[in-house]
Amino acid sequence: MFLNNELYVANADGSKLCINGKMANRHGLIAGATGTGKTVTLQVIAESFSQAGVPCFMADMKGDLSGISKTGKLSGFIEKRKDGFGIPDPQFAPCPVRFFDVFAEQGEPIKTTISTMGPQLLSRLMELNDTQSGVLAIAFQIAEDENLNLITVEDLSSLLNYIGQNAKEYTTKYGNITSASVGAIQRALLAIKSEGAENFFGLPAFNVNDFIRTKDGKGIMNVLAADKLMLKPKLYSTFLLWLLTELYQTLPEVGDMDLPKLVFFFDEAHMLFEDTSKQLVDKIEQIVRLIRSKGVGVYFITQSPNDIPEDILGQLGNRVQHALRAFTPKDQKAVKTAADTFRANPKFKTDEAIMNLETGEALVSFLDANGAPSVVERAKILFPLSQIGAITPEERAAFMAEYKQNTPAPAENTEGASSVLSKRNAEADKAAEAATAEKERIAAEKQAEKERIAAEKEAAKQKKEEERLAKEKKKEEEKRHKETMKTVNSVTKALGLPSLLRTIVKSFFKK
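Residues numbered from 1 in each chain as written. Predicted model: local features only at pLDDT ≥ 70, side-chain atom pairs only at ≥ 80, totals over all residues. Heavy atoms only, no water.

Counting secondary structure elements, the protein chain contains 16 helices and 14 strands. Against the compact-globule benchmark of 24 Å for 511 residues, the protein chain has a radius of gyration of 45 Å, which places it well outside the compact range. Referenced to the eigenvectors of the C-alpha coordinate spread, the extents of the protein chain come out at roughly 175 × 50 × 40 Å. A total of 511 residues make up the protein chain; the buried ones form 44% of that total. Carbon and sulfur atoms make up 51% of the accessible area of the protein chain, which totals about 26400 Å². Positive and negative charge centroids in the protein chain, built from 67 and 68 side chains respectively, lie 13 Å apart. (Helix = DSSP H or I, 4+ residues; strand = E, 2+ residues; numbered from the N terminus. Rg over C-alpha atoms; globule rule 2.2 N^0.38 Å. Buried < 20%, exposed > 50% of the residue type's maximum accessible area, 1.4 Å probe, protein only. Areas by Shrake-Rupley, 256 points an atom, 1.4 Å probe, with all protein chains shown as cover. Lys, Arg positive; Asp, Glu negative; His and termini not counted. Charge placed at Lys NZ, Arg CZ, Asp CG, Glu CD.)

Here you go:
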């Protein structure tokens, strides 16, 4: 409930415990074991922001938060508490809501491009080692240098194929690119594709400024259907981290404000830090530290403060701690850690109180107007004015129908790397075919020339042989003629023919 620039969240023995509007972007923590009331606390705080005109983003793990879109109603539980909260006549009302869904089944789709996601977050999503992450970073640099748009999973896969085929060409300029690393990244791409990541990558790319909207003076609640998404922990946490990073990189500096521009609730926050490199944790810590200057408050929801790295935990000024159980030494350590994060109250022992809190009860400490944490109080969390629990599929369908009616026409698609590289490969194939044809033509010409020369040599040889045979024949004929004339001469002499007759006879044989 929003009162005098403060968000009334809880009540301790008749005293209102409120988040100061100017301190709301100093971030917060809602912690506690399963079933202790974290979701209702989130709903109470979120609808208070909505009443103040501050939009919020939240992931709805079980569908329960969808009830924030519907008017609440009086119940026996609320009847017992409303007077103690100083709310004798609750004004139940819904919050304006937009439903989103990465899989586009229970809300508006949210998409981004591979290029926008970047190699660091994508490496986390695909669980790549340092060497593979390095090769992926090279692929992104090549895409940038060659003006290739990495929009979909297929675009990145095509680029990796292209780089693998031309590794020698790129290695000198960009560094070592092994076929083993390229193959490993391709397999990781197939894995996240099978998990539904391809639904997230594409156009039109979502603009995070769309989260910052109001309706009738109330901040719009941007509710992400995450019941299916959270089954893919890496995809879920990387998706939310991408949103947070986009907000940090996109929004302008605004300095101190009376109220935040947007509040980002990060549910199941432990997923964000599991198996996350120190480099990325440092980046998260930097974003959390600096994003408040962009007017964004970040509230982590998790079971134990131990789930949050210490450097980030130290930045979460507004805290609501629901009950924790201490069945094991590890649990006892978690209780002690949670207790140590509060400014002690001499009225009770914080660690003992944490283990004895009832459902809907919490230890609460908010920052005062000077930014100092208040003494921890054992308090009861307010009831929400919107519905507790999920809306029906039919009610959600009505929201979906409204969304489809107001959906703008899709923008013209940008050509992705897959298409560009396909054309480039086609041109290369065409050039290769032309080069092969030219090579074959030259080879044919050379062969024809070779055959022509060989034919000329054979013809010359044949001619020479014919001339030799003709010469030999002539010589043979001349020899026979001489022999014939010699025989004729001998015969005519032997016959004693007159000289004239011998001359006539010889002339006959000469012919």
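Running from N to C, helix H3 (residues 114-126) and helix H8 (residues 233-250) point in directions that differ by 150°, and their axes come no closer than 10 Å. Considering their axes alone, H3 and H8 lie roughly antiparallel with respect to each other. Considering the relative orientation of H3 and H8, their crossing is right-handed. Contact with H3, carried on its side by Thr116, Met117, Leu121, Arg124 and Leu125, involves Lys234, Leu235, Ser237, Thr238, Leu241, Trp242, Thr245 and Glu246 of H8 and no other residues of that element. Partitioned by chemical class, the residues of the contact of H3 with H8 number six nonpolar, four polar and three charged. (Axes fitted to C-alpha atoms, helices over the stretch in contact; angles between N-to-C directions. Parallel < 35°, antiparallel > 145°, perpendicular 65-115°, else oblique. Left-handed = near helix turned anticlockwise from the far one by under 90°. Contact = heavy atoms within 4.5 Å. Nonpolar A, V, L, I, M, F, W, Y, C, P; charged D, E, K, R; others polar.)

Attention now moves to the nonpolar core. By size, the foremost hydrophobic cluster in this structure holds 80 residues, and its most contacted members are Leu122, Leu224, Phe239 and Phe300. Here this core takes 10 residues from H8, the largest share from any one element. Beyond its immediate sequence surroundings of up to four residues, Leu122 is in contact with Ile114, Met117, Leu136, Phe140, Leu156 and Phe201. Of all hydrophobic cores here, the second largest spans 45 residues; its members include Ala24, Val44, Met221 and Ile301. (Core = buried A, V, L, I, M, F, W, Y, C linked by side-chain atoms within 4.5 Å.)

This part covers the side chain of Arg81. With respect to the helices and strands, the residue Arg81 is situated in helix H2 (residues 76-81). Although Arg81 is buried, it forms no salt bridge, and the closest oppositely charged side chain is Glu358 at an N-O distance of 5.3 Å. Each residue touching Arg81, except ones within four places of it in the same chain, is listed here: Thr359, Gly360, Lys380 and Ile381. (Salt bridge = Lys/Arg side-chain N within 4 Å of Asp/Glu carboxyl O.)

Together, Leu500, Leu501 and Ile504 line one region of the surface with nonpolar side chains, adding up to about 290 Å² of accessible area. For Leu500, the position within the fold is in helix H16 (residues 499-510). (Patch = residues over 30% accessible without salt bridge, like charges linked within 9 Å, V, L, I, M, F, W, Y side chains within 5 Å.)

Further remarks concern the environment of Gly360. Checked against the element boundaries, Gly360 lands in the loop between helix H13 (350-356) and strand E13 (361-365). Look at Gly360 and you get buried, because its relative accessible area is 15%.

Right, let's talk about the pattern of salt bridges for a bit. What the rule picks out here adds up to 20 salt bridges. We note a salt bridge from Lys82 to Glu79, for which the minimum N-O separation is 3.7 Å. Overall, the relative accessible area of 9% leaves Lys82 in the buried class. Classification of Glu79 as partly exposed rests on a relative accessible area of 39%.

By the bridge criterion, six bridges tie strand E2 (residues 6-12) to strand E3 (residues 15-20) in an arrangement that is antiparallel. Residue pairing in the sheet places Glu6 in a bridge with Asn20 of E3. Hairpin connection from E2 to E3: two residues lie between these consecutive antiparallel strands, with Asp13 at a positive phi of about 50°. (Pairing = 2+ DSSP bridges.)

Let us look at a negative patch on the surface. Judged by side-chain charge, Glu127, Glu195, Glu274 and Asp275 come together as a negatively charged surface patch. Following the sequence through the fold, Asp275 ends up in the loop between helix H9 (270-273) and helix H10 (278-290).

In this section: unusual backbone geometry. Pro204 follows Leu203 through a cis peptide bond whose omega is 0°. Looking at the element boundaries, Pro204 is found in the loop between helix H7 (179-194) and strand E7 (214-215). Phi is positive for Glu127, close to 55°, though the residue is something other than glycine. With respect to the secondary-structure elements, Glu127 resides in the loop between H3 and helix H4 (130-145). In this structure, Asn147 takes a positive phi of about 55° despite not being glycine. Tracing the backbone shows Asn147 in the loop between H4 and helix H5 (153-165).

Another point: the side chain of Gln315. Here Gln315 is to be found in the loop between helix H11 (310-313) and strand E12 (318-321). Among the polar contacts made by the side chain of Gln315, one reaches the side chain of Glu285 at a distance of 2.9 Å. The residues touching Gln315, leaving out its near neighbours within four places in the chain, are Arg26, His27, Glu285, Val288 and Arg289. (Polar contact = N/O pair within 3.5 Å; in protein donor to acceptor, adjacent residues only side chain to side chain.)

With that settled, the discussion passes to the packing of aromatic side chains. Per the stated rule, a full pass over the model turns up 20 aromatic pairs. Here the aromatic rings of Phe49 and Tyr299 are separated by 6.2 Å at their centres, their planes lie at 70°, and the arrangement is edge-to-face. Residue Phe49 is found in helix H1 (residues 38-51), and its partner Tyr299 is found in strand E11 (residues 296-302); the two are separated by 250 residues along the sequence. The same class applies to Phe49 and to Tyr299, which are both buried. Ring plane angle 50° and centroid distance 5.0 Å describe the contact between Phe200 and Phe201, whose orientation is recorded as tilted. Assigned by exposure class, Phe200 and Phe201 land together as buried. Here a set of aromatic residues connected by ring pairs shows up, and it is made of Phe57, Phe100, Phe206, Phe211, Tyr236, Phe264, Phe266, Phe273 and Phe300. (Phe/Tyr/Trp six-rings, centres within 6.5 Å; stacked < 30°, edge-to-face > 60°.)

Our next topic: the pairing of strand E5 (residues 56-60). Consecutive side chains along a regular strand alternate between the two faces of the sheet. Among the five residues that make up E5, five are buried, leaving the element largely enclosed by the rest of the structure. Here E5 shows two buried faces, one formed by Cys56, Met58 and Asp60 and the other by Phe57 and Ala59. Two strands pair when backbone bridges link them, and E5 and strand E9 (residues 221-225) are joined in this way by five bridges, in the parallel orientation. Paired with Asp60 across the two strands is Ala225, which belongs to E9.

This brings us to H8. Its 18 residues give H8 an end-to-end C-alpha distance of 25 Å, which sits within 8% of 26 Å, the value for a rise of 1.5 Å per residue. Of all the 18 residues making up H8, 15 are buried; the element is thus mostly covered by neighbouring parts of the structure. (Expected span 1.5 Å × (residues − 1).)

Next up on the list: H1. Between the first and last C-alpha of H1 there are 20 Å, a value that for 14 residues agrees with the 20 Å anticipated at 1.5 Å per step. Of all the 14 residues making up H1, 11 are buried; the element is thus mostly covered by neighbouring parts of the structure. Among all positions in H1, only Lys38, Thr41, Leu42, Gln43, Val44, Ile45, Ala46, Glu47, Ser48, Phe49 and Ser50 are buried. Two residues or fewer after H1 comes Gly53, characterised by a positive phi angle close to 85°.

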